Amino acid sequence: METKTLYLYDSYLREFEAKILQKIGNQILLDQTAFHPLTGGVAYDIGYLVKGNLKWKVLKVEIDKETKQITHTLEDVANDLEQGDIVKGFLDWDRRYKLMRLHTAAHLIAAVMYTDYNTLITGGQVDPEYAKLDFNLPRTDREIFESAIEKATKEARKGVSLKIYFLTRKEALKMPGVVKLAEKMPPDEKELRIVEIPGIDLQADGGPHVKNTMEIGDIRLLKIENKGKNQRRVYFEVK
Ligand SMILES: [Zn+2]
């Protein structure tokens, strides 16, 4: 049985109830979860699982891409937990909210880079303290990234509300802009989650985002790295 992905439907869900489907040592498989696993370049959530007055720290969350099962790695082997138990999950909200702000900021920067320099993202990672994005760009000018980040911050301040919805693969492929990404998705993915920042960006995306770009705050450039021919990496944070 696959784990129901509550986080795909509500990025602001920070408490939930779930049933333990399986326990192997300190690895807990749940029937549903609000913990976002490490996927799509966004770091996993941490937090707690609680049963009665007992509490276990969740250190890591991973998804098995084949079975779609989500495993929560606990700090200790939880002798008091067993298959069939109902537990409550609590996210470390400070960490998660930072990931949401940084992830949404990454969309804005990518959109500006695409519009202004016709350059595409080739990789990226969102961690709690900062995020990095790789661009297919032959020039190293710091001004390019300074200007893109300044523009992205200005876009964020406009307070645009995000739209998140599901489309069938067939419907998604009809939308210009989603096509390229959607074609890369595995063919067995019947429904695609679309994240739209109206007027700015449109992606097929499974990660957590803020509801409104105003929540991002100021985006700040940390550093730029040259990663070889046409590969530039930018590090940024949100304040
Ligand atoms: Zn995203």
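Scroll up to find the structure.
Since we're looking at a predicted model, the values are computed, not measured.

Caption draft 1: Spotlight on the overall build of the protein chain. For the protein chain, the count of helices and strands is 4 helices and 15 strands. Taken against the 2.2 N^0.38 rule, which gives 18 Å for 239 residues, the C-alpha radius of gyration of the protein chain at 19 Å falls within 12% of a compact globule. Taken along its principal axes, the extent of the C-alpha atoms in the protein chain is 55 × 40 × 35 Å. When the 239 residues of the protein chain are sorted by exposure, 45% land in the buried category. Restricting to contacts in the protein chain with at least 6 residues of sequence separation, those with at least 24 account for 66%.

Caption draft 2: The arrangement of helix 2 (residues 142–157) in detail. Here helix 2 is 16 residues long and its end C-alpha atoms lie 23 Å apart, about the 22 Å a rise of 1.5 Å per residue gives. Listed as buried for helix 2 are Ile144, Phe145, Ala148, Ile149, Ala152, Thr153 and Ala156. End-on view of helix 2: buried residues confined to an arc of 160°, all on one side of the axis. Facing away from the buried side of helix 2, by more than 90 degrees, are the exposed residues Glu143 and Lys154.

Caption draft 3: Looking closely at the coordination of the zinc ion. For the zinc ion, the full set of protein donor atoms is His103 (NE2), His107 (NE2), Asp205 (OD) and His209 (NE2), and the range of their distances to it is 1.7 to 2.7 Å. What the 4 donor atoms of the zinc ion show is an angle range of 81 to 138° at the metal, which sorts the shape as irregular. We note that the donor set of the zinc ion lies within a single chain, spaced as H-x3-H-x97-D-x3-H. With His103 in helix 1 (residues 93–117) and His209 in the loop between strand 13 (201–204) and strand 14 (219–226), this residue pair connects regions lying 106 residues apart in the sequence. This pair shows no difference in class: His103 is buried, exactly as His209 is.

Caption draft 4: Representation of the nonpolar core. The biggest cluster of nonpolar side chains holds 35 residues, and the ones touching the most others in it are Ile109, Met113, Phe135, Ile216, Ile219 and Phe236. Among the secondary structure elements, those contributing two or more residues to this core are helix 1, strand 10 (131–136), helix 2, strand 12 (191–197), strand 14 and strand 15 (231–238). Ranked by residues supplied to this core, first place goes to helix 1 with 10 residues. Ignoring sequence-local partners within four residues, the contact set of Phe135 consists of Ile109, Ala110, Met113, Thr119, Leu120, Ile121, Thr122, Phe145, Asn230, Gln231, Arg232 and Val234. Membership of the second largest hydrophobic core comes to 20 residues, among which are Leu8, Ile28, Ala34 and Ile70.

Caption draft 5: Spatial organisation of the pattern of salt bridges. What the rule picks out here adds up to 13 salt bridges. The shortest N-O distance in the salt bridge between Asp134 and Arg233 comes to 2.7 Å. Of this pair, Asp134 sits in strand 10 while Arg233 sits in strand 15, placing them 99 residues apart in sequence. Here Lys239 and Glu237 are joined by a salt bridge, their closest N and O atoms 3.9 Å apart. Bridged by salt links that share partners, the residues Lys223, Glu225 and Lys227 form one connected network.

Caption draft 6: Unusual backbone geometry, seen in detail. The backbone of Lys68 shows a phi angle near 60°, a positive value even though the residue is not glycine. Tracing the backbone shows Lys68 in the loop between strand 6 (54–63) and strand 7 (70–74). In the Ramachandran plot, Asn230 falls in the positive-phi region, its phi being about 60° despite a non-glycine side chain. Relative to the elements of secondary structure, Asn230 occurs in the loop between strand 14 and strand 15. Its relative accessible area of 26% is what places Asn230 among the partly exposed residues.

Caption draft 7: Focus on the environment of Glu15. In this structure, Glu15 sits in strand 2 (residues 15–24). Residue classification places Glu15 among the partly exposed positions, given a relative accessible area of 49%. Counting along the chain gives 161 residues from Glu15 to Pro176, while the straight-line C-alpha distance between them is 36 Å. Leaving out residues up to four positions away in the same chain, Glu15 has contacts with Gly89 and Phe90.

Caption draft 8: Main features of the sheet that holds strand 6. Strand order in the closed barrel formed by 6 strands is 2-3-7-6-5-8, with antiparallel pairing between adjacent strands. On average, each strand axis in the sheet is tilted by 45° relative to the strand beside it, whichever way the strands run. Summarising the sheet, strand 3 (residues 27–30) and strand 7 pair through 3 bridges and their orientation is antiparallel. Across the sheet, Gln27 pairs through a bridge with Thr73, a residue of strand 7.

Definitions and limits used
Residues numbered from 1 in each chain as written. Predicted model: local features only at pLDDT ≥ 70, side-chain atom pairs only at ≥ 80, totals over all residues. Heavy atoms only, no water. Helix = DSSP H or I, 4+ residues; strand = E, 2+ residues; numbered from the N terminus. Rg over C-alpha atoms; globule rule 2.2 N^0.38 Å. Buried < 20%, exposed > 50% of the residue type's maximum accessible area, 1.4 Å probe, protein only. Contact = heavy atoms within 4.5 Å. Expected span 1.5 Å × (residues − 1). Arc of directions from axis to C-beta. Donors = N, O, S within 2.8 Å, 3.2 Å for Na, K, Ca; no water. Tetrahedral: all angles 85-135°; square planar, octahedral: opposite > 155°, others 65-115°. Core = buried A, V, L, I, M, F, W, Y, C linked by side-chain atoms within 4.5 Å. Salt bridge = Lys/Arg side-chain N within 4 Å of Asp/Glu carboxyl O. Pairing = 2+ DSSP bridges. Axes fitted to C-alpha atoms, helices over the stretch in contact; angles between N-to-C directions.

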